[in-house]
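# Summary of the model geometry
What follows is each chain in one-letter form.
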Amino acid sequence: MIDIEKVRFDTPSCENVLHFNNAGSSLMPTPVFQALQNVLRDENEVGGYEAERRAQEDIEAFYTEVAGLLNAEPDEIAFVENATRAWDMAFYGLHLEPGDRVITHVSEYASNYLALLQQSRRLGFDIDLVPSDASGQIDVDALDEMIGPKTRLIAITHVPTQGGLVNPAAEIGKIAKKHNVLYLLDACQSVGQVDVNVAQIGCDILSGTGRKFLRGPRGTGFLYVRKGILDQIDPPFIDLRSATWTGANSFEFAKGAKRFENWESYVAGRVGLTEAVRYARAIGLGAIEARVAALAQDLREALSQIDGVAVHDLGRKKCGIVTFTKTGLEPKAIAETLRADGINVSVSPITCARLDLEPRDLTALTRASVHYFNTHDEISRFVDAVRQA
């Protein structure tokens, strides 16, 4: 059980705003904010390098905390400034050639698919879209059948930005292992609200962010790369953090996943993200996942009772993201109306999810995303506001 009074006490902004935008950027708990502020204060008082030395223990703890969160090893974790750049650092380093095939799904995030399109033009590989099953999630049986001798990568988004779908990541992992194909998982929207275990999922690479359901600072992210495949990825760029200059014409990569890092980084953000991971782990990801899923389902059911409102979430398993439309109102107008009432949501436009929304004749969705610190009273207030919009 989660102590809701405590976590809301640790989130004083709950008193000022109804925050259903956790898939965009969540509210930081006070311990995370304080950790961030402590480093910034030290930077202001004694200087940036000196502040970094003071924070060294927490900086190093980042690797063990994130590894514990994901059930990985510390040397399989890298700090990267955001989830997209983490994904890029792995993907752009893969050795893909003309005639190779990469499999993805219509739920893939826009930034990832744009990277696939760019590299396909550059390198000449082909992109295959695995079909959805009747629920809208990835059809695992179809995935198994479409993998061929030239399939080199399965790149999947665990939870898409435009809906509550949770793709069957572990089942996909079994297929990837069966065919000995690399498996890249975008967990930007899942880590922090879903209990993500890389050993159970079987992914080779995973990217994530701090600002969303982990409730960390913006400008923070991380990358997991399984030890066994490190040598299959050539980092697209390196510096004196990711490599050592061993001779006039030679260098060596840093050990483990640190070869994907930059020397310069947001030190306060690293410390804040470390504290955010500690906070989530102290509550328990299993408890968080159960509460978030229950709150979201209650929200879906309540919204579905409003005349003119349609809920658009797909999948057998759903998470804390709830997307909907209301007849006669553009999603942007709904978001602006709610914001004027002290309620935060986002809008998912077609440009973020063209392969998914276009076939469903949807140009945009209003996106409400709950977290464990939200309450049923907030759901009632939210539903009333949508009804009156």
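Scroll up for the structure.
Given the structure is predicted, the values throughout are model-derived calculations rather than measurements.

Rules used throughout
- Residues numbered from 1 in each chain as written.
- Predicted model: local features only at pLDDT ≥ 70, side-chain atom pairs only at ≥ 80, totals over all residues.
- Heavy atoms only, no water.
- Helix = DSSP H or I, 4+ residues; strand = E, 2+ residues; numbered from the N terminus.
- Rg over C-alpha atoms; globule rule 2.2 N^0.38 Å.
- Contact = heavy atoms within 4.5 Å.
- Areas by Shrake-Rupley, 256 points an atom, 1.4 Å probe, with all protein chains shown as cover.
- Lys, Arg positive; Asp, Glu negative; His and termini not counted.
- Charge placed at Lys NZ, Arg CZ, Asp CG, Glu CD.
- Axes fitted to C-alpha atoms, helices over the stretch in contact; angles between N-to-C directions.
- Parallel < 35°, antiparallel > 145°, perpendicular 65-115°, else oblique.
- Left-handed = near helix turned anticlockwise from the far one by under 90°.
- Salt bridge = Lys/Arg side-chain N within 4 Å of Asp/Glu carboxyl O.
- Buried < 20%, exposed > 50% of the residue type's maximum accessible area, 1.4 Å probe, protein only.
- Pairing = 2+ DSSP bridges.
- Core = buried A, V, L, I, M, F, W, Y, C linked by side-chain atoms within 4.5 Å.
- Expected span 1.5 Å × (residues − 1).
- Bend = angle between axes of the 7 residues up to and from the residue.

Turning our attention to the overall build of the protein. A tally of regular secondary structure across the protein gives 14 helices and 15 strands. The C-alpha atoms of the protein give a radius of gyration of 21 Å, which matches the 21 Å a tight globule of 389 residues would have. With respect to the principal axes defined by its C-alpha atoms, the protein has extents near 70 × 60 × 35 Å. Pairs at least 24 residues apart make up 70% of the contacts formed inside the protein by residues separated by at least 6 positions. Surface accessibility of the protein: about 16,800 Å² in total, with carbon and sulfur atoms responsible for 48%. Side-chain charges of the protein comprise 40 positive and 53 negative groups, with the mean position of each set lying 1 Å from the other.

So, on to the packing of helix α5 (residues 83-91) against helix α6 (residues 110-123). Look at α5 against α6: their axes get within 10 Å of each other, and the N-to-C directions meet at 30°. Viewed along their axes, α5 and α6 adopt a mutual orientation that is roughly parallel. Two packed elements cross with a definite hand, and for α5 against α6 that hand is right-handed. Of α6, the residues touching α5 (which contributes T84, W87, D88 and F91) are S111, N112, A115, L116 and Q119.

Under the criterion given, the structure shown has 25 salt bridges. The residue D88 makes a salt bridge to R85 at a minimum N-O spacing of 2.2 Å. Here D88 pairs with R85, and both are found in helix α5, just three residues apart, close to one helical turn. What makes R85 partly exposed here is its relative accessible area of 32%. For the salt bridge of D384 with R387, the shortest nitrogen-to-oxygen distance reads 2.8 Å. Note that D384 and R387 are positioned in helix α14 (residues 376-388) at a spacing of three residues, about one turn of the helix. For D384, a relative accessible area of 36% corresponds to the partly exposed category. R387 sits in the partly exposed class, given a relative accessible area of 43%.

Turning to its location among the elements, F373 is positioned in the loop between β15 (364-369) and α14. Classification of F373 by relative accessible area gives buried; the value is 0%. Along the sequence, F373 and D58 sit 315 residues apart, while their C-alpha atoms lie 25 Å from each other. Setting aside chain neighbours within four positions, we find F373 in contact with V7, R8, C14, H19, N22, S26, L27, R215 and E378.

Once that is clear, we can look at the sheet that holds strand β14 (residues 346-349). Read from one edge to the other, the open sheet built from four strands follows the order β11-β12-β15-β14, with strand pairing classed as antiparallel. Sheet topology places β11 (309-311) and β14 at the edges, where each strand pairs with a single neighbour. Here the strands of the sheet are splayed against their neighbours by 35° on average, with no regard to which way each runs. Summarising the sheet, strand β12 (residues 321-326) and β15 pair through four bridges and their orientation is antiparallel.

By size, the foremost hydrophobic cluster in this structure holds 71 residues, and its most contacted members are L70, I154, Y183, L206, L299, L303 and F382. Residue contributions to this core peak at seven residues, all from helix α11 (residues 285-304). Among the nonpolar cores identified, the runner-up in size contains 26 residues, and M89, F125, L153 and I205 belong to it.

Attention shifts here to the side chain of S207. As for its position among the elements, S207 is in strand β7 (residues 205-209). Assessed through its relative accessible area of 0%, S207 is described here as buried. When sequence neighbours within four positions are dropped, the list of residues in contact with S207 reads A83, A86, W87, L185, D186, A187, C188 and F222.

With that settled, the discussion passes to helix α4 (residues 56-70). For α4, which comprises 15 residues, the first-to-last C-alpha distance of 22 Å matches the rise-based estimate of 21 Å (1.5 Å per residue) to within 8%. Of all the bends in α4, the greatest, near 30°, is centred on F62. Of the residues flanking the end of α4, it is N71, one or two places downstream, whose phi is positive at about 60°.

Looking now at the pairing of strand β10 (residues 250-253). The sheet contact formed by strand β9 (residues 243-247) and β10 spans four bridges and is antiparallel. Following the sheet pairing, T244 is matched in β10 by E252. Remark: two residues form the turn of the hairpin made by β9 and β10, two consecutive strands paired antiparallel.

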